[in-house]
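Coordinate inspection notes
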Amino acid sequence: MSQVQKLWNTTAAIPVIGQRVFSAAFSQKAPYFATIRPRFTVVEPNHVELVIPKRRRVHNHIGTVHAIALCNGLEAAMGALAEVSIPKGKRWIPKGMDISYTAKATSDITCIAETDPEQWTSDNPDISVRVRGEREDGVVVIEGVIKLWVTEKR
């Protein structure tokens, strides 16, 4: 079990504040994650969800959640997913992101990252993580793929 999965299992069990404790700790892995104040709600192999609260700090000029905040949320979800999904003895690095903005982000946004289990055990070093962001009403506001390069640790 990865360190991220252990941290999630430990903190998520704390009533009321567990998810926030995990989210704050995970945000320290890459300081730009903290700018969106993510709140992780699901952390499991091949599926991670987090919420970006819609607040002034992440607004653009029209009052919606700005594109970079959305991408930061997707990347945080992907990073947690990679950490809890990757087999022991392998490492990952992102190599690209293909994203489409499909609607205005007018509420809190749930960022979702997903893979299939067999992707992690394949000999193919290219893994595509499916990502999307949904408004509170279920409308997808951003979607795409984050590409990873997965290799054996040296």
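All of the points below concern the structure found in this document. (Residues numbered from 1 in each chain as written. Predicted model: local features only at pLDDT ≥ 70, side-chain atom pairs only at ≥ 80, totals over all residues. Heavy atoms only, no water.)

For the rest of this paragraph, the subject is the packing of aromatic side chains. Summed over the entire model, instances satisfying the criterion amount to six aromatic pairs. Ring geometry for Phe22 against Phe26: centres 5.9 Å apart, planes inclined by 20°, an arrangement best described as stacked. Of this pair, Phe22 and Phe26 are both found in helix 2 (residues 18–27), four residues apart, which corresponds to roughly one turn of the helix. Assessed through its relative accessible area of 4%, Phe26 is described here as buried. Judged by centre distance (4.7 Å) and plane angle (65°), the rings of Tyr32 and Phe33 are edge-to-face. Judged by relative accessible area, which is 35%, Tyr32 ranks as partly exposed. Taken together, Trp8, Phe22, Phe26, Tyr32, Phe33 and Phe40 form an aromatic cluster joined through their ring pairs. (Phe/Tyr/Trp six-rings, centres within 6.5 Å; stacked < 30°, edge-to-face > 60°. Helix = DSSP H or I, 4+ residues; strand = E, 2+ residues; numbered from the N terminus. Buried < 20%, exposed > 50% of the residue type's maximum accessible area, 1.4 Å probe, protein only.)

Relative to each other, helix 1 (residues 3–12) and helix 2 sit at 150°, their axes nearing to 7 Å. Relative to helix 2, helix 1 is oriented roughly antiparallel. At the point where helix 1 passes helix 2, the crossing takes the right-handed sense. Residues Val4, Leu7, Trp8, Thr11 and Ala12 of helix 1 form the contact with helix 2, whose participating residues are Gly18, Gln19, Val21, Phe22, Ala25 and Phe26. Per-class residue counts for the contact of helix 1 with helix 2 are eight nonpolar, three polar and no charged. (Axes fitted to C-alpha atoms, helices over the stretch in contact; angles between N-to-C directions. Parallel < 35°, antiparallel > 145°, perpendicular 65-115°, else oblique. Left-handed = near helix turned anticlockwise from the far one by under 90°. Contact = heavy atoms within 4.5 Å. Nonpolar A, V, L, I, M, F, W, Y, C, P; charged D, E, K, R; others polar.)

We now examine helix 3 (residues 67–85). With 19 residues, helix 3 extends 27 Å between its outermost C-alpha atoms, agreeing within 8% with the 27 Å of an ideal straight helix rising 1.5 Å per residue. The element helix 3 is largely enclosed, with a buried count of 15 among its 19 residues. (Expected span 1.5 Å × (residues − 1).)

Strand direction decides the pairing type here: strand 3 (residues 90–101) and strand 6 (residues 140–152), joined by eleven bridges, are antiparallel. By the bridge assignment for strand 6, Lys90 is matched with Glu152. Counting the residues that bridge the hairpin from strand 5 (residues 126–134) to strand 6 gives five residues, and of these Gly138 lies at a positive phi of roughly 90°. (Pairing = 2+ DSSP bridges.)

Position of Gln5 relative to the elements: it lies in helix 1. The residues contacting Gln5, other than those within four sequence positions of it, are Val43, Glu44, Pro45 and Val84.

Let's shift gears to the layout of surface pockets. Here the largest pocket is characterised by a volume of approximately 300 Å³. Along the wall of the largest pocket there are 14 residues; nearest its centre are Ser2, Ile86, Pro87, Lys88 and Lys153. Looking at the lining of the largest pocket, the elements that each hand over two or more residues are helix 3 and strand 3. Empty space within the second largest pocket amounts to approximately 170 Å³. (1 Å grid on protein atoms, 1.4 Å probe; cavity = no way out; pocket = protein on both sides within 12 Å on 5 of 7 lines; lining within 4 Å. Points joined across faces, edges and corners; volume = space filled by probe spheres on them.)

It is characteristic of soluble globular proteins that their nonpolar side chains tend to be buried jointly. Counting residues in each nonpolar core, the largest one holds 39 residues, and the members touching the most others are Phe40, Trp120, Val129 and Leu148. Mapped onto this core, the elements with two or more residues apiece are helix 1, helix 2, strand 1 (39–44), strand 2 (47–52), helix 3, strand 4 (109–114), strand 5 and strand 6. With eleven residues, the top contributor of residues to this core is helix 3. Filtering out sequence-adjacent residues up to four positions away, Val129 remains in contact with Met78, Leu81, Ala113, Glu114, Thr115, Gly144, Val145, Ile146 and Leu148. (Core = buried A, V, L, I, M, F, W, Y, C linked by side-chain atoms within 4.5 Å.)

In short, geometric facts, not functional conclusions.
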